[in-house]
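Residue-level structure breakdown
Here is what each chain is made of, one letter per residue.
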Amino acid sequence: MLDLSKAKTTNALRNVLFVIWLIAVPASWFLVFHTRAPTLFNGPKAWELTTQFLLVAVIGGAVGLAYRLWESMRAKEDKQNEQQRETMAAQRAVLNEFDRSLVALHHDYKKIRRSLRASTLQQQGELFIERLTYENLMDRLEECQLRAESLKRSVDVQKELFVGRHERLSAALRSVENYLRKLLKPYEENFELRRNLGSTDLLKLDEKVTTFMSESADGDLITVNLFEPTDLIRSVFMEEIEKRYY
């Protein structure tokens, strides 16, 4: 409401200045250059005083008012530009934090994949792992799933940063979160099968974990549900960051 009032005042001042110039400039020209102008006054002194008033008081005052109005408008524009720069800087900081969180998450579940591969034993075509190692790696993977869930919530809260792209971004984050949740489901449900095993006893890996460990290829589950969405999310973050450089 205040900005609207200021805009109306500025427009009114512009209109007043325009009217002053529209009247004063032709009148001054007539008084100065027209040969009959002095004869319209009660003597040369009256003509001189009127001419000076128009040139100095009216036109000079209008010029001064126009300059102050211009200064005011420039100061307002500078303030708006500074506010825009501050807003963009704050948005870049949020987007950079999102990107760092995503990169850290991506690196962590890739490390877990490598650790699983390095820790498994193959017996008669099936993969086994020591129970304690399995528990530790699944705990780390659960942390990844919780971080993916948290990142999705944060992005949804700040969806105004992704106008026109939020739904696609949210779907990609949901894909990462859901893949990790499904991967962890056997670990969460099969504790009874593990509770009697010793820390170094071998545990057979379920199909979801062995798929997670496998080399990714175009069209497989881990590529479609984990790596491709992560690439998409990262590209959105980077493009939004680039848009906010002033």
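Above this note sits the structure.
Attention shifts here to the overall build of the protein chain. Counting secondary structure elements, the protein chain contains 7 helices and 3 strands. Put simply, the protein chain runs from its N terminus to its C terminus through helices and strands in the order α-α-β-β-α-α-α-β-α-α. In the protein chain, which comprises 246 residues, the proportion classed as buried is 29%. Taken as a whole, the protein chain presents about 15,700 Å² of accessible surface, with 56% of it coming from carbon and sulfur.

Take unusual backbone geometry next. Positive phi is not limited to glycine here, since Gln124 has a value of about 55°. With respect to the helices, strands and loops of the structure, Gln124 is situated in the loop between strand E1 (121-123) and strand E2 (126-130).

Where helix H3 (residues 131-157) contacts helix H4 (residues 166-189), the axes come no closer than 9 Å and their chain directions differ by 155°. When the axis of H3 is compared with that of H4, the two are roughly antiparallel. For H3 against H4, the interelement crossing comes out left-handed.

Before going further, it helps to spend a moment on the pattern of salt bridges. The tally for this structure, following the rule as stated, stands at 16 salt bridges. The salt bridge involving Glu82 is made with Arg85; its shortest N-O contact spans 3.0 Å. In this pair, Glu82 and Arg85 are both assigned in helix H2 (residues 44-119), 3 residues apart and thus about one turn of the helix distant. In this structure Glu82 comes out as partly exposed when scored by relative accessible area, which is 36%. Arg85 sits in the partly exposed class, given a relative accessible area of 34%. For Glu240, the salt bridge is made with Arg244, and the minimal N-O distance between the two is 2.7 Å. Arg244 matches Glu240 in its accessibility class, with the two residues each being buried.

Right, let's talk about the packing of aromatic side chains for a bit. Taken as a whole, this structure holds 5 aromatic pairs when the rule is applied. Relative to Tyr187, the ring of Tyr134 has its centre 5.9 Å away and its plane inclined at 70°; by these criteria the two rings are edge-to-face. Residue Tyr134 is located in helix H3, and its partner Tyr187 is located in helix H4; the two are separated by 53 residues in the primary sequence. Judged by relative accessible area, which is 4%, Tyr134 ranks as buried. For Tyr187, a relative accessible area of 10% translates into the label buried. Positioned above the aromatic ring of Phe212 is the side chain of Arg113, whose terminal nitrogen or guanidinium carbon lies 5.8 Å from the ring centre.

Core analysis: the largest hydrophobic core is formed by 39 residues, its most contacted members being Tyr109, Leu116, Leu141, Phe162, Leu180 and Phe212. Elements that contribute at least two residues to this core include exactly H2, H3, H4, helix H6 (207-213) and helix H7 (221-243). Looking at which element gives the most residues to this core, the answer is H4, with 9 residues. Here Leu116 is in contact with Ile129, Leu137, Met138, Val209, Phe212 and Met213, once residues within four sequence places are set aside.

Taken together, the 3 strands give an open sheet; going across it, the order is E1-E2-E3, and neighbouring strands pair in antiparallel fashion. The outermost strands of the open sheet, each flanked by one partner alone, are E1 and strand E3 (202-204). Geometrically, the sheet is characterised by an average inter-axis angle of 40° between neighbouring strands, direction not taken into account. As defined by bridge partners, E2 adjoins E3 across 3 bridges and the pair is classed as antiparallel.

About the thresholds
Per-chain numbering applies: the sequence of each chain, read as written, is numbered from 1 onward. The model is predicted, so local features are restricted to residues of pLDDT at least 70 and side-chain atom pairs to those at 80 or more, both for listing and for counting; the totals for chains, interfaces and linings are taken over all residues. Only heavy atoms go into the side-chain values, all of them from the structure, while hydrogens and water stay out. Secondary structure is summarised from DSSP: a helix means a run of H or I of at least four residues, a strand means a run of E of at least two, and numbering begins at the N terminus for each. Here the term buried applies to any residue with accessible area under 20% of the maximum for its type, exposed to any over 50%, and partly exposed to those in between, with areas from a 1.4 Å probe on protein chains only. To measure how exposed things are, a 1.4 Å probe is used in the Shrake-Rupley method; for residues, cover is taken only from the protein chains shown. Each axis is a line fitted through C-alpha atoms, taken for helices only over the stretch in contact, and angles between the N-to-C directions span 0 to 180 degrees. An angle below 35 degrees is treated as roughly parallel, one above 145 as roughly antiparallel, one from 65 to 115 as roughly perpendicular, and anything else as oblique. In a left-handed crossing the near helix is turned counterclockwise from the far helix by less than a right angle, and in a right-handed crossing that turn is clockwise. The salt bridge definition used is simple: a Lys or Arg side-chain nitrogen within 4 Å of an Asp or Glu carboxyl oxygen. Only Phe, Tyr and Trp rings are paired, with Trp represented by its six-membered ring, and only when their centres lie within 6.5 Å; those with planes under 30 degrees apart are stacked, over 60 edge-to-face, the remainder tilted. Think of it as a cone above the ring: NZ of Lys or CZ of Arg counts as a charge over the ring if it is within 6 Å of the ring centre and within 35 degrees of the ring normal. Within this scheme, the nonpolar core is defined by two criteria: the residues are buried Ala, Val, Leu, Ile, Met, Phe, Trp, Tyr or Cys, and they are joined through side-chain atoms within 4.5 Å. When checking whether two residues touch, look at their non-hydrogen atoms; a contact exists if any pair is within 4.5 Å. DSSP bridges decide pairing: two strands pair if at least two such bridges lie between them.

Treat this as a map of the structure, not an account of what it does.
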